[in-house]
Number of protein chains: 2
Amino acid sequence: MSKKKPTILEVAARAGVGLGTVSRVLNNHKSVRPETRARVLKAMEELGYTPNPHARRIAGGRSYTVSVLLPFVATEFYRRLVEGIEGVLLEKRYDLALFPILSQARLRRYLESSTLAFLTDGLILASYDLSEHFEGSRLPTDRPVVLVDAKNPRYDSVYLDNFLGGQLAGEYLARFPGPIFAVKVEEEPDRAFHHTVFAERLAGFREALKAAGRPFPEEHLYTTRLSQEGGRLALRYFLEKASPPLNVFAGADQVALGVLEEAERLGLTVGKEVRVLGFDGHPFTEEVGLSTIAQPVEAMGARAAQLLLERMQGYAGPPRAVRFEPLLIERASTRTSPAVPYLP
Amino acid sequence: MSKKKPTILEVAARAGVGLGTVSRVLNNHKSVRPETRARVLKAMEELGYTPNPHARRIAGGRSYTVSVLLPFVATEFYRRLVEGIEGVLLEKRYDLALFPILSQARLRRYLESSTLAFLTDGLILASYDLSEHFEGSRLPTDRPVVLVDAKNPRYDSVYLDNFLGGQLAGEYLARFPGPIFAVKVEEEPDRAFHHTVFAERLAGFREALKAAGRPFPEEHLYTTRLSQEGGRLALRYFLEKASPPLNVFAGADQVALGVLEEAERLGLTVGKEVRVLGFDGHPFTEEVGLSTIAQPVEAMGARAAQLLLERMQGYAGPPRAVRFEPLLIERASTRTSPAVPYLP
DNA sequence: CTGAAAGCGCTTACAG
DNA sequence: CTGAAAGCGCTTACAG
């Protein structure tokens, strides 16, 4: 029940200028004398003024809000991605609205209705190529759209070369003695939204092993959902197939963490009896000494946001595809190093 | 790039009425002749008109949008909850905007800024009692707030009696021969947002076993994150402690499903050698024949939405607390029944 | 560089 | 029951 929010009018009064001028500093018009601008900013500060996005939208056609549609899965990956996106957006004074995609039906409704929450200035789609669900493979919106962690010839896309990531993993593990195993992360049950990153990683991995002349029988592959517990089950399964030393490539850091955890629990020396290589390069991998194929998630998010800003500013060229490359980071989990205890 | 959205003016023109009348049918004013109303509705239909929520917000102070803040975890529970909320909101022509809570910092920013996405007419908070993060234990908003799956004396709340649910589970399992085990679901790593439902379920369970004179040693409890794989690990752990028949109470259906899965895999007869009781009553439990303590999630969501609507319509009484009771549903997983194979 | 005015798409008294 | 008008908080030519 705080007092009514101040408007541009009160700011103008306090700064001793017209309301047009306040609007101009709000919109970074260069035709405002630095002195005036400072006075206005001060007034805004003192009044605790924030612009009303509804009014901005109504008056100027822009609401300074961007929508991010993302899978409804709480992973470190999306946390990082959103962080990257938000970083560049905030700089340009844009807000973002997150849209977890609970179901296809919901998405449809979002896009086809003119829900307030959806009347934003631009869209970023993460991981899912949603366009396939709409006729003409185009989203029913006239706002700019950018995909991240996905590819589509009709829209700007920012993606990681997951195949290459798998290859790096394969080449690396092929150098160690002992059999090689892999954990694949299952696609989500809702087949309507699929992404292929995990399949691509595995394909690259297979190719590299083949090129290195290392065998990779089908029973060396374990599939599970994205969970730490899945990694634990995987290692148990592998230990039924072969005895240490074992080399394990986990398609995601979270799963790799489970492998690590179970190895410790079973009293196996990580980095020697069980070598583990993850994928993603999440911050926690450093703490636990997990080797990983790192992807610059934040940078990818930031790039996506930049592409979108350009579009919102009028750029109308053909769709751009920005490819990022993963990077192998070697840590204790693939290195024998007696003095590196794993602490969960 | 579809042609510009039609406005209220075009609708008025086509219907041959003033724009005030169009607005009136939009807002369900009773002072519109049925005949006129029909004409206007027809015109809207033909034009594909949808009102601009920004303009409504600006002009009338209401945007007909409600925000739902929910944990960023993709579970059946939240899918059902949102469905329940949405059901009653749509009926009243309200839209909803979902806000997955990625982090506490984000929440703060949401609430304290006047992000477009947050300028809605009311708030529903799911599971987390976020108020504790703000001074005065009140959210920094002057809009009505309702909690669901959580309790707070300062706001309307809708919650399940989880303790009772645990008791029902304990009383029920106490009737069977064989040792009793339980899987507890771990709280989330981010301690800033905690909820206590799983602890409450376990407390009720313990109490019931005690009352029934059934032992429940500490080693009969297994804690895991909310994942199917966690249930599988749990059953393996239990089988190290005792041999069948075993009775297992899983604090969540998803985990119970993992127990079921692992039992099948190990060739144990579900319902006889391993009895499993879940919690939540999710739709899939019926398909797999899983006994469960059902909670009326959709109904809880609907109730929360109703409470909020009442507040938005001006109701200003003291906070209300609506308590729901769970219900035991008995199925094959706790019933010996040779002809009920479990198919994953 | 800056004011005053028109306009964005609606709602809501105010008259009739 | 229904028009015509004022107003919501902003942006943006248009003048100066």
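Residues numbered from 1 in each chain as written. Chains lettered and ligands numbered in written order. Predicted model: local features only at pLDDT ≥ 70, side-chain atom pairs only at ≥ 80, totals over all residues. Heavy atoms only, no water.

It is worth spelling out the sheet that holds strand 9 (residues 274-280) of chain A at this point. Residues and elements named next belong to chain A. Taken together, six strands build an open sheet; the order of strands is 7-6-8-9-10-12 and the sheet is mixed. Lying at the two open borders of the sheet, with one neighbouring strand each, are strand 7 (221-224) and strand 12 (327-329). With direction set aside, neighbouring strand axes in the sheet form an average angle of 20°. Across four bridges, the pairing between strand 8 (residues 246-250) and strand 9 is parallel. What sits directly across from phenylalanine 249, in strand 9, is leucine 277. (Pairing = 2+ DSSP bridges. Helix = DSSP H or I, 4+ residues; strand = E, 2+ residues; numbered from the N terminus. Axes fitted to C-alpha atoms, helices over the stretch in contact; angles between N-to-C directions.)

Looking now at the packing of helix 7 (residues 162-173) of chain B against helix 8 (residues 197-212) of chain B. Residue and element names in this part refer to chain B. One can describe the packing of helix 7 onto helix 8 by two numbers: an axis separation of 6 Å at closest approach and a directional angle of 40°. What the angle tells us is that helix 7 and helix 8 run oblique. Once helix 7 is placed against helix 8, the crossing between them reads as right-handed. Between helix 7 and helix 8, the contacting residues are Asn162, Phe163, Gly166, Gln167, Ala169, Gly170, Glu171 and Leu173 on the first element and Val197, Glu200, Arg201, Ala203, Gly204, Phe205, Glu207, Ala208 and Leu209 on the second. For the contact of helix 7 with helix 8, the class distribution of residues is eight nonpolar, five polar and four charged. (Parallel < 35°, antiparallel > 145°, perpendicular 65-115°, else oblique. Left-handed = near helix turned anticlockwise from the far one by under 90°. Contact = heavy atoms within 4.5 Å. Nonpolar A, V, L, I, M, F, W, Y, C, P; charged D, E, K, R; others polar.)

Before going further, it helps to examine the protein's contact with DNA strand D. Taken together, 28 residues lie near DNA strand D, and Ile8 and Ser23 of chain A together with Arg24, Thr36 and Ile58 of chain B sit nearest. Near the protein, within 4 Å, the atoms of DNA strand D are sugar or phosphate in 67% of cases. Within the side chain of tyrosine 49 of chain A, a nitrogen or oxygen atom sits 2.6 Å from a phosphate oxygen of DNA strand D. Among the residues making up the surface near DNA strand D, the classes are represented as 11 nonpolar, 12 polar and five charged. (Near = heavy atom within 4 Å. Polar contact = N/O pair within 3.5 Å; in protein donor to acceptor, adjacent residues only side chain to side chain.)

The next subject is the pattern of salt bridges. All names here are of chain A. The tally for this structure, following the rule as stated, stands at 41 salt bridges over all chains. We note a salt bridge from aspartate 156 to arginine 311, for which the minimum N-O separation is 2.7 Å. Here the residue aspartate 156 occupies a position in strand 5 (residues 156-160), and arginine 311 occupies one in helix 12 (residues 297-312), the gap between them amounting to 155 residues. Comparing aspartate 156 with arginine 311 shows no difference in burial state: the two are buried. Bridged by salt links that share partners, the residues Arg232, Arg236, Glu261, Glu262 and Arg265 form one connected network. (Salt bridge = Lys/Arg side-chain N within 4 Å of Asp/Glu carboxyl O. Buried < 20%, exposed > 50% of the residue type's maximum accessible area, 1.4 Å probe, protein only.)

So, on to the protein's contact with DNA strand C. Taken together, 28 residues form the shell around DNA strand C, and within it Gly18, Arg24, Thr36 and Ile58 of chain A together with Ser23 of chain B come nearest. A breakdown of the atoms of DNA strand C within 4 Å of the protein gives sugar and phosphate a share of 67%. Between DNA strand C and the protein, one listed contact pairs a base oxygen with a backbone N or O atom of isoleucine 58 of chain A at 3.2 Å. Interatomic distance of 3.1 Å between a side-chain N/O atom of asparagine 27 of chain B and a phosphate oxygen of DNA strand C. Here the surface near DNA strand C takes five residues from helix 4 (residues 53-60) of chain B, the largest share from any one element. The class makeup of the residues in the surface near DNA strand C is 11 nonpolar, 12 polar and five charged.

Those residues of helix 4 of chain B lying buried are Pro53, His54, Arg56 and Arg57 of chain B. The buried residues of helix 4 of chain B all sit within an arc of 165° when viewed along its axis, so they share a single face. Against the buried residues of helix 4 of chain B lie helix 4 (53-60) of chain A together with helix 2 (19-26) of chain B. Looking at where helix 4 of chain B begins, the residue whose side-chain oxygen comes 2.7 Å from the main-chain nitrogen of histidine 54 of chain B is asparagine 52 of chain B. Two residues or fewer past helix 4 of chain B, glycine 61 of chain B is found with a positive phi of approximately 85°. (Arc of directions from axis to C-beta.)

Right, let's get into unusual backbone geometry. Residue and element names in this part refer to chain A. Each neighbour pair has its own omega, and for proline 244 with proline 245 the value is 0°, a cis peptide bond. Among the secondary structure elements, proline 245 is positioned in the loop between helix 9 (228-241) and strand 8. Phi angles above zero are rare outside glycine, and asparagine 28 is one such case at about 60°. Mapped onto the fold, asparagine 28 is located in the loop between helix 2 (19-26) and helix 3 (34-47). In this structure asparagine 28 comes out as partly exposed when scored by relative accessible area, which is 46%.

Below, the discussion takes up the pairing of strand 9 of chain A. Looking along a regular strand, one sees the side chains alternate between the two faces of the sheet. Residue and element names in this part refer to chain A. Counting buried positions along strand 9 gives seven out of seven residues, so the element sits mostly inside the fold. In strand 9, alternate side chains face the same way, and those of Val274, Val276, Gly278 and Asp280 on one face and Arg275, Leu277 and Phe279 on the other are all buried. Relative to strand 10 (residues 291-294), strand 9 runs parallel, the two sharing four bridges. Each residue of the ladder has a partner; that of aspartate 280, found in strand 10, is alanine 294.

Residue and element names in this part refer to chain B. Pairing is parallel in the open sheet, where six strands are placed in the order 2-1-3-4-5-11. Edge positions in the open sheet fall to strand 2 (95-101) and strand 11 (321-324), since each of these has one partner strand only. Each neighbouring strand pair of the sheet contributes to a mean axis angle of 15°, computed without reference to strand direction. Note: strand 1 (residues 65-71) against strand 2, seven bridges, orientation parallel. Paired with leucine 70 across the bridge in strand 2 is proline 100. Sitting on the sheet, helix 5 (residues 76-91) is in contact with strand 1, strand 2, strand 3 (122-126) and strand 4 (145-148), with an inclination near 170° to strand 1.

Structurally, arginine 232 of chain B can be placed in helix 9 (residues 228-241). Using a relative accessible area of 6% as the deciding quantity, one classes arginine 232 of chain B as buried. Among the polar contacts made by the side chain of arginine 232 of chain B, one reaches the side chain of glutamate 262 of chain B at a distance of 2.6 Å. Aside from chain neighbours lying at most four places away, what touches arginine 232 of chain B is Tyr222 and Leu233 of chain A together with Gly258, Val259, Glu261, Glu262 and Arg265 of chain B.

The next subject is the packing of aromatic side chains. All names here are of chain A. Using the criterion set out here, one finds 20 aromatic pairs over all chains in the structure. Here tyrosine 222 and tyrosine 237 contribute two aromatic rings whose centre-to-centre distance is 5.2 Å and whose plane-to-plane angle is 45°, an arrangement assigned as tilted. Taken together, the residues tyrosine 222 in strand 7 and tyrosine 237 in helix 9 connect sequence positions 15 residues apart. In this structure tyrosine 222 comes out as buried when scored by relative accessible area, which is 10%. When its relative accessible area of 21% is taken as the criterion, tyrosine 237 is described as partly exposed. Grouped by ring-pair contacts, the aromatic residues Phe181, Tyr222, Tyr237 and Phe238 constitute a single cluster. The cationic tip of lysine 151 hangs over the ring face of tyrosine 159; the distance from NZ or CZ to the ring centre is 4.3 Å. (Phe/Tyr/Trp six-rings, centres within 6.5 Å; stacked < 30°, edge-to-face > 60°. Lys NZ or Arg CZ within 6 Å of the ring centre and 35° of its normal.)

No statement about biological role is implied by the geometric values presented.
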